[in-house]
Amino acid sequence: MQTPDWGALEAVDGVRLSWNVWPNSRMEAQKCVVPFGALVTPRKVLPEMPVVPYDPIRCKGCAACLNPYARVDFNAKLWICPFCYTRNHFPQHYASISETNLPAELFPTYTTIEYQLQRPAGSPPAYMFVVDVCLIEEELSALKQSLTQALSLLPENASVGLITYGTHVHVHELGFDECPKSYVFRGSKEFTSQQIQDQLFRSTGGARPRPGQQTNGAAVTGHQSKFLVPLADCEFQLTSVLEELSRDSFSALPDCRPARCTGTAVAVAATLLASSVSNIPARAMLFVGGPATDGGGQVVGKELETAMRSHKDIAKGAAPFMNKATKYYETVATQLCTNGHCLDVFACSLDQVGLAEMKVCAEKTGGMVVLAESFANTVFKTSFARMFTTEGEDALGVSSGGVFEVITSRDVKTAGCVGPCAALDKKTLPGAIADVPVGSGGTTAWKLCSLSNDTSLAVFFEPANRGDGKDGTQTAPQQQSQQFFLQFVTMCTVPGRETRLRVTTTTRRWTEGANINDIAAGFDQEAGAALIARQLTCKMETEDEFDCPAATRWLDRSLIRLCQRFGDYRKDDPASFQLMPQFSIYPQFMFNLRRSQFVQVFNNSPDETAYYRMILWRENVLNSLVMIQPTLMAYSFNGPPEPVLLDVCSIAPDRILVLDAYFSVVIFHGQTIAQWRKANYQEQPEHEAFKQLLEAPKADAQEILGRRFPVPRLVDCDQHGSQARFLLAKLNPSATYNSAGMGGGSSDIIFTDDVSLQVFMEHLKRLAVAS
């Protein structure tokens, strides 16, 4: 039986479900193991999607938007909502509706439609640069160069502000032309929002700005806010301040870290934005080059003999600053969310900077996060520049002020959402919320302070027992009782400052719980793996006892239960075990997930783990799978580039391999290829084919780097070289130092005690068929 192309469905609506046929009882649903959920990309670029210049019609019962699945009575001029079965009358301007004169939202093919809401154009965005000056001269110089470049990419009507921090926090008054002027906050002290407002605004001799006030088309400028000024009015002043920016004048004591008050600077930025541009698109962009050692959000002491906390320290409760710092940043995150602002974090350091503590600010507000080794690194410079690209394929399409809403049929409950969002207190209908939350639960609507065209949210559902009618709602008409509906409504301000509302309505069908073949036919193993990865990492982030061994056990038990449910086998006969085609590569995904950096924290710092999980929580199915199970391409003289197994046996001396592990792209030259390259054969005219063979992987790697954000790290290495570890760490160890074959001659071996995929599958079959 052919497996449906679920990716083609995603290309139409930007929605992908783990299960496309649902059992009609909660008990049978629990036996399916993989969560019932959808990965939704609310701002996905859909070339076929219509955009209409009017507001949507909403159901008076559940607030669902009119859609192609609504039943329409053309004579009575009313429509029946497929979600709550309420009868709604069409407004007056729909009086001419008929079977031959349908509005766009009722066209059967327009299951996704975007409304251009009739509202005034939004305010220009505001950017607050929060710059660490405790950097060494080379780093500070590279950062200043990137910031100056960014000013040339910003729209002229955008408001900009500058905060620098080290031992103290300096808020620069860009509206003061006579000379550089700044307001200073002591870095070692924690300030309330009111104290920050009093110091910034009362001392200016004017009243605190009124939220939403505008001057010359730019958000809140002039006397009220000299700290956020339109770029056109302050570009020279800001450029001069950046050029003259120097290292913190309070140098570090011997054997001590510099005094860095990152938390205080972020709190000042959040309060300044809240006071100046409340509910207007604004980004606080934090550039940090080391750990916070002072004030709120401190993550480590100043003495260098005190090491930064590790995963082992956190597990043993030996990270004294972590809980306090996390609570501090949660307060800042709440303030940012309330005002519709976001925090972007650009952490460039060889040491940890405290990203694990401040991740809640970026997670809840949808801010971008880039982790690199240096501000001179290509990863930072290219990623930062792409933040401001507004046209072409490189554009991120950053929207702001978003609200994402989920409306479901009465037999489907919403359990929660895992992604870069913050929960809103909203429930569409009684009984619409699941009892057990997953991620950000207890609601059917979430706030997205910032989202890009690629931002994906994982929404988890819980099938309820159908037809019990206990909540008093109307029962479904007979012809609709075999299907259920999901609607995703996203309202946001797009880069062109228009307010858009996108409505995606999709339907799937119910089946009897005992009909395993029917349920299995609708399983999307790729979406299922991505949802399991988000659910697992969410549990690891929120549940203290859910550490790496517990997570691995949970993943293994879930996989065994799934194989027992959907496998075909005879009891106690592993050789007879066979999985349905819809599940054929799912165990392989789980094998790579349990080995991945999302689950195994060994050899990763808490900052790196937090970073990897944050990126996983915002990417679509395809990118999530590349993170879980990297792709491997082989280039050789034998033919065109071809995908090969993610296995050590794919290494050959006369091959070039390109590994795409999402966060890094590795170009790996086999031993013979590397020797030829070092002998400069590619520069000889008779070896033109070899020159082309060397260039092809580089071109493909650059193409990957060009379309991805954050930009991956490029590693160019040779077989048996030190950096070959970036490839070997991701390969299936089918040949290790203690295996019989010892790599089969020309192939490589991996020095590890990890089990291979073959051994893993043998154990899985044995446990699945056990009585």
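Residues numbered from 1 in each chain as written. Predicted model: local features only at pLDDT ≥ 70, side-chain atom pairs only at ≥ 80, totals over all residues. Heavy atoms only, no water.

Secondary structure summary: the protein chain contains 20 helices and 32 strands in total. Against the compact-globule benchmark of 28 Å for 771 residues, the protein chain has a radius of gyration of 28 Å, which places it among compact chains. Dimensions of the protein chain, computed from the C-alpha atoms along their principal axes, are close to 80 × 80 × 60 Å. Every one of the 771 residues in the protein chain was classed for burial, and the buried ones make up 59%. Taking all contacts inside the protein chain whose residues are at least 6 apart in sequence as the whole, residues at least 24 apart take part in 72%. (Helix = DSSP H or I, 4+ residues; strand = E, 2+ residues; numbered from the N terminus. Rg over C-alpha atoms; globule rule 2.2 N^0.38 Å. Buried < 20%, exposed > 50% of the residue type's maximum accessible area, 1.4 Å probe, protein only. Contact = heavy atoms within 4.5 Å.)

Before going further, it helps to spend a moment on the sheet that holds strand β5 (residues 71-73). Strands sit in the order β5-β6-β7 across an open sheet of three strands; the sheet is antiparallel. Strands with a single pairing partner mark the edges of an open sheet, and in this sheet they are β5 and β7 (87-89). Direction aside, neighbouring strands of the sheet carry axes that sit 25° apart on average. As judged from the three bridges shared by β5 and strand β6 (residues 78-80), these two strands associate in the antiparallel manner. Paired with valine 72 across the bridge in β6 is tryptophan 79. (Pairing = 2+ DSSP bridges. Axes fitted to C-alpha atoms, helices over the stretch in contact; angles between N-to-C directions.)

We now examine the packing of aromatic side chains. Within the structure shown, the criterion is met by 43 aromatic pairs. A centroid spacing of 5.1 Å and a plane angle of 70° characterise the contact between tryptophan 22 and phenylalanine 36, whose relative ring orientation is edge-to-face. In this pair, tryptophan 22 sits in strand β2 (residues 21-23) while phenylalanine 36 sits in strand β3 (residues 36-40), placing the two residues 14 residues apart along the sequence. Since its relative accessible area comes to 4%, phenylalanine 36 is described here as buried. Every member of this aromatic cluster is reached through a ring pair, and the members are Trp19, Trp22, Phe36, Phe461, Phe484, Trp510, Phe523, Phe566, Phe583 and Tyr586. A cation over a ring is seen here: lysine 539 above phenylalanine 546, with NZ or CZ 5.0 Å from the ring centre. (Phe/Tyr/Trp six-rings, centres within 6.5 Å; stacked < 30°, edge-to-face > 60°. Lys NZ or Arg CZ within 6 Å of the ring centre and 35° of its normal.)

Take the nonpolar core next. Grouped together as the largest cluster of nonpolar side chains are 130 residues, with contacts concentrated most on Trp19, Val171, Phe488 and Leu593. Sorting elements by how many residues they give to this core places helix α12 (residues 525-542) first, with nine residues. Apart from residues no more than four positions distant in its own chain, leucine 593 is found in contact with Ile532, Ala533, Leu536, Leu555, Phe598, Val599 and Ile628. (Core = buried A, V, L, I, M, F, W, Y, C linked by side-chain atoms within 4.5 Å.)

Spatially, four strands are ordered β1-β3-β23-β20 in an open sheet, and the strand pairing comes out antiparallel. Each of the sheet's edge strands pairs with one partner strand only, and the pair in question is β1 (15-17) and β20 (412-418). If you compare each strand with its neighbour and ignore which way they point, the axes differ by 25° on average. Relative to β3, β1 runs antiparallel, the two sharing three bridges. Bridge pairing links valine 15 to valine 40 in β3. Sitting on the sheet, α12 is in contact with β1, β3, β20 and β23 (457-463), with an inclination near 100° to β3.

A few words on unusual backbone geometry. With an omega of -5°, the peptide bond between phenylalanine 709 and proline 710 qualifies as cis. Among the structural elements, proline 710 can be located in the loop between α18 (688-707) and β32 (713-718). Although it is not a glycine, arginine 497 sits at a positive phi angle of roughly 70°. Locating arginine 497 in the fold gives a position in the loop between β24 (483-493) and β25 (499-511). We note that histidine 720 has phi near 70°; this positive angle belongs to a residue other than glycine. Locating histidine 720 in the fold gives a position in the loop between β32 and α19 (725-728). Take histidine 720: its relative accessible area is 56%, and that puts it in the exposed class.

On to the pattern of salt bridges. Inspection of every chain in the model, using the stated rule, returns 32 salt bridges. For the salt bridge of arginine 26 with glutamate 462, the shortest nitrogen-to-oxygen distance reads 3.5 Å. With arginine 26 in helix α2 (residues 26-30) and glutamate 462 in strand β23, this pair connects stretches of sequence that are 436 residues apart. What makes arginine 26 partly exposed here is its relative accessible area of 27%. Put simply, arginine 707 and glutamate 703 hold a salt bridge, and the shortest N to O gap is 2.6 Å. (Salt bridge = Lys/Arg side-chain N within 4 Å of Asp/Glu carboxyl O.)

What follows concerns the environment of valine 459. Relative to the helices and strands, valine 459 is located in strand β23. The exposure class of valine 459 is buried, given its relative accessible area of 0%. On a C-alpha basis, the gap between valine 459 and lysine 316 in space is 33 Å, while along the polypeptide they are 143 residues apart.

We now examine the side chain of arginine 508. Tracing the backbone through its elements, the reader meets arginine 508 in strand β25. Notably, arginine 508 is buried but unbridged: the nearest opposite-charge side chain belongs to aspartate 13, and the N-O separation is 6.5 Å. If near-sequence neighbours (up to four positions away) are discounted, arginine 508 is found in contact with Leu9, Leu17, Asn20, Gln483 and Phe484. (Lys, Arg positive; Asp, Glu negative; His and termini not counted.)

Moving on, we get to helix α1 (residues 6-13). Among the residues making up α1, those that are buried are Trp6, Glu10 and Asp13. Along the long axis of α1, the arc covered by the buried residues comes to 80°, so they all point the same way. The backbone nitrogen of glycine 7 has a side-chain oxygen 3.2 Å away, supplied by the residue at the start of α1, namely aspartate 5. At the exit of α1 stands glycine 14, carrying a positive phi of roughly 75°. (Arc of directions from axis to C-beta. Polar contact = N/O pair within 3.5 Å; in protein donor to acceptor, adjacent residues only side chain to side chain.)

Right, let's get into helix α14 (residues 586-595). Given 3.6 residues to a turn, an α-helix orients residues that are three or four positions apart in the same direction. Most of α14 sits out of view: eight of its ten residues are buried. Within the sequence span of α14, burial applies to Tyr586, Pro587, Phe589, Met590, Phe591, Asn592, Leu593 and Arg594. Contacts made by the buried residues of α14 are with α12, α13 (548-566), β27 (573-579), α16 (621-628) and α20 (757-768).

Note that phenylalanine 637 resides in the loop between β28 (631-636) and β29 (639-643). In sequence terms phenylalanine 637 and arginine 618 are 19 residues apart; their C-alpha atoms lie 39 Å from each other. Among residues more than four places away in sequence, those in contact with phenylalanine 637 are Trp676, Ala689, Phe690 and Leu693.

Turning to empty space enclosed by the protein, a few remarks are in order. All told, the structure shown has six cavities of 30 Å³ or more when counted by the stated rule. When its volume is computed, the second largest cavity comes out at roughly 60 Å³. If you list the elements that add at least two residues to the lining of the second largest cavity, you get β24 and β25. Residue composition of the lining of the second largest cavity, grouped by class: five nonpolar, four polar and two charged. (1 Å grid on protein atoms, 1.4 Å probe; cavity = no way out; pocket = protein on both sides within 12 Å on 5 of 7 lines; lining within 4 Å. Points joined across faces, edges and corners; volume = space filled by probe spheres on them. Nonpolar A, V, L, I, M, F, W, Y, C, P; charged D, E, K, R; others polar.)

Moving on: the packing of helix α8 (residues 322-338) against helix α9 (residues 355-365). Contact geometry for α8 and α9: axes closest at 7 Å, N-to-C directions at 20°. When the axes of α8 and α9 are compared, the pair comes out roughly parallel. As α8 runs across α9, the sense of the crossing is right-handed. Of the residues in α9, those touching α8 at Met322, Ala325, Thr326, Tyr329, Glu330, Val332, Ala333, Leu336 and Cys337 are Ala356, Glu357, Met358, Val360, Cys361, Lys364 and Thr365. Of the residues in the contact of α8 with α9, the class split is eleven nonpolar, two polar and three charged. (Parallel < 35°, antiparallel > 145°, perpendicular 65-115°, else oblique. Left-handed = near helix turned anticlockwise from the far one by under 90°.)

Keep in mind these values describe shape, not function.
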